[in-house]
Amino acid sequence: MKYYSLNKQAPDSTFKNAVIKGLAPDKGLYFPESITPLPQSFFENIDNLSNTEIAYEAIKQFVCPEIPEATLKTIVDETLSFDFPVVKLNDNISTLELFHGPTMAFKDVGARFMARCLGFFNKNNDEEVTVLVATSGDTGGAVANGFLGVKGVNVVILYPSGKVSDIQEKQLTTLGQNIKALEVNGTFDDCQAMVKTAFLDESLTSKMQLTSANSINVARWLPQLFYFMFAYKQLHNKYEDIVFSVPSGNFGNICAGMMAQQLGLPIKHFVASNNENNVVTRYLISQLYEPKPSVQTISNAMDVGAPSNFIRIEEIYKNRFETLKTNLSSYSFSDNDTKAAMLEIYDNYNYVADPHGAVGYLGCKTYLKDNPNVHCVFLETAHPTKFLDVVEEVIKKEQSLPKQIQSVMGKDKVSKVISSYEDLKAFLLN
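Everything quoted here is computed from the prediction, not taken from an experiment. (Residues numbered from 1 in each chain as written. Predicted model: local features only at pLDDT ≥ 70, side-chain atom pairs only at ≥ 80, totals over all residues. Heavy atoms only, no water.)

1. Considerations on the side chain of Thr297
- Summarising the element assignment, Thr297 is placed in the loop between α13 (279-286) and α14 (310-316).
- Side-chain polar atoms of Thr297 contact the side chain of Asn275, separated by 2.9 Å.
- A polar contact is formed between the side chain of Thr297 and the backbone nitrogen of Ser299, at a distance of 3.1 Å.
- Apart from the residues lying within four places of it in its own chain, the contact partners of Thr297 are Asn275, Glu276, Asn277, Asp303 and Asp335. (Helix = DSSP H or I, 4+ residues; strand = E, 2+ residues; numbered from the N terminus. Polar contact = N/O pair within 3.5 Å; in protein donor to acceptor, adjacent residues only side chain to side chain. Contact = heavy atoms within 4.5 Å.)

2. Regarding the sheet that holds strand β3 (residues 86-88)
- On the basis of which strands lie adjacent, the open sheet formed by six strands has the order β3-β4-β12-β9-β10-β11 and mixed pairing. A single partner strand is all that each edge strand has here, and the edge strands are β3 and β11 (328-332). Strand-to-strand twist in this sheet, taken as the mean axis angle between neighbours without regard to direction, amounts to 25°.
- Both strand β9 (residues 242-247) and strand β10 (residues 269-274) contribute to a ladder of five bridges, which runs parallel. Looking at β10, one finds that Val246 is bridged to Ala272.
- Its contacts with the sheet place helix α17 (residues 355-370) against β4 (93-97), β9, β10, β11 and β12 (375-380), and it is angled at close to 165° to β12. (Pairing = 2+ DSSP bridges. Axes fitted to C-alpha atoms, helices over the stretch in contact; angles between N-to-C directions.)

3. Considering the nonpolar core
- By size, the foremost hydrophobic cluster in this structure holds 125 residues, and its most contacted members are Leu158 and Met229.
- Excluding residues within four positions of it along the chain, Met229 makes contact with Leu38, Phe42, Phe43, Ile46, Ile54, Ala58, Ala260, Leu263 and Leu265.
- Judged by nonpolar contacts, the second largest core, of 34 residues, contains Met302, Ala341, Tyr346 and Ala358. (Core = buried A, V, L, I, M, F, W, Y, C linked by side-chain atoms within 4.5 Å. Buried < 20%, exposed > 50% of the residue type's maximum accessible area, 1.4 Å probe, protein only.)

4. As for the packing of helix α5 (residues 107-121) against helix α6 (residues 138-147)
- At a closest axis distance of 8 Å, the pairing of α5 and α6 adopts a crossing angle of 35°. Note that α5 runs across α6; the crossing there is right-handed. Together, Lys107, Asp108, Ala111, Met114, Ala115 and Leu118 of α5 and Asp138, Thr139, Ala142, Val143, Gly146 and Phe147 of α6 make up the contact between the two elements.
- Of the residues contributing to the contact of α5 with α6, the split by class is seven nonpolar, two polar and three charged. (Left-handed = near helix turned anticlockwise from the far one by under 90°. Nonpolar A, V, L, I, M, F, W, Y, C, P; charged D, E, K, R; others polar.)

5. Focus: the pairing of strand β5 (residues 129-134)
- Of all six residues that make up β5, six are buried, and the element is covered over most of its length.
- As paired elements, β5 and strand β8 (residues 209-211) share three bridges and run parallel to each other. From the neighbouring strand, Val131 faces β8, where its bridge partner is Thr211.

6. Here we look at the sheet that holds β8
- Read from one edge to the other, the open sheet built from five strands follows the order β8-β5-β6-β7-β13, with strand pairing classed as parallel. Since the sheet does not close on itself, it has two edges, and those belong to β8 and β13 (416-418), each with one partner. Mean inter-strand twist for the sheet, computed between neighbouring axes without regard to direction, equals 30°.
- Pairing of strand β7 (residues 179-184) with β13 involves three bridges; the strand directions are parallel.

7. Focus on the packing of aromatic side chains
- Inspection of the entire model under this criterion finds 21 aromatic pairs.
- Judged by centre distance (5.0 Å) and plane angle (50°), the ring pair of Phe84 and Phe230 falls under tilted. Of this pair, Phe84 sits in the loop between α4 (69-79) and β3 while Phe230 sits in helix α11 (residues 225-235), and the two are 146 residues apart along the sequence.
- Its guanidinium or amino end placed over the ring of Tyr56, Lys73 lies 5.0 Å from that ring's centre, counting from NZ or CZ. (Phe/Tyr/Trp six-rings, centres within 6.5 Å; stacked < 30°, edge-to-face > 60°. Lys NZ or Arg CZ within 6 Å of the ring centre and 35° of its normal.)

8. Some points on the UniProt feature "domain: Threonine synthase N-terminal" (unreviewed entry) in the chain
- With numbering matched to this structure, UniProt assigns "domain: Threonine synthase N-terminal" (unreviewed entry) to residues 2-79.
- In residues 2-79, the share of helix is 46% and the share of strand is 8%. The end C-alpha atoms are 24 Å apart. (UniProt positions renumbered as here; feature names shortened; annotations may be inferred.)

9. Re the side chain of Asp189
- Examined against the element boundaries, Asp189 turns out to sit in helix α8 (residues 188-200).
- Although Asp189 is buried, it forms no salt bridge, and the closest oppositely charged side chain is Lys196 at an N-O distance of 8.1 Å.
- Here Ser294 takes part through its backbone nitrogen, which lies 2.8 Å from a polar atom of the side chain of Asp189.
- Among the polar contacts listed, one links the side chain of Asp189 to the backbone nitrogen of Gly305, at a separation of 3.5 Å.
- Residues within four places of Asp189 in sequence aside, it is in contact with Lys292, Pro293, Ser294, Val304, Gly305 and Ala306. (Lys, Arg positive; Asp, Glu negative; His and termini not counted. Salt bridge = Lys/Arg side-chain N within 4 Å of Asp/Glu carboxyl O.)

Written out as structure tokens, the structure is:
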């Protein structure tokens, strides 16, 4: 499989090069040159397949033969060492729980898959690779855990000071070894801008090999299509029309769902559920794509004012606005809306949702008003205890910490505060 830059000004790339480089030389995101749908028999027999078998069949065209099939099967099996249960709330709404991995966030899958791919490509290479990543919340912890101890790989994580939860901060600042955390005086957009500037800085890239573990990297982004297939396996015998409501920030997750649909997965529609960072919600109304500075919300992993992956969504639909709009709806909700939804879910269904999942639930409810005959699945992207202050304040019930969270809470935070790109560059060069 070859990959091309969405800026269309760079040579085609191998999967290996796309993973190691992260961005194309023209700074475009990589996209696979073709998408071959899986045979109808795959979906007809999906009940007889394990999660590992489903994922392997879905991803192999994008990865093999650069990673041998036997190695890919091992990578997929190690990546998916936890469950992805669907929990029914009522006849029209279920939630897909994506928080059963080591850092209790949906990003564990992509981070673990990418770390293993990069480890394979780097196993006989003496040159070190530095993974440079910005996080608005869960990416940092997932990447730190996924890459911990990987030979020849250093990880530098930028996060906005005071704008991630205490538990999220612990997960990315306490591991040590090859993981370094930089606390940025600014927003997630500032962190992301610094990372992009580093990739553009030839005086830096000539001295070290940089790659990204944000969802701009194909090995972080593509494995997220697995979730939608796992949910379909659990639901297709019960419901004919399945809609996914995805809490959306950088739009990698929902874009991966659209890739699953391109592979033939029978998904009726997608809902991009936004908090007050709602550039796509506004775009679908006005047809004007206008990124804006992000604003801070209680669903902080979605506090993204310029979603990187939306260009991939446009590529899937060949930049045809009307075609996209038939397959994607988007709604925006305030923090007050989100808190009310968290309380409603708890009171009505005895289910504790995190703020991101609650935004997804609101997307389901809004879409169902005009489409009452579908079953809508919202993605519960992080364990509610990662947002303990908000959750306990809203539902008025103390929550016990899972073992994955307990394991980091007693550790000391180690981070370096930076305020500018110059600070970042000096840190990397030293």
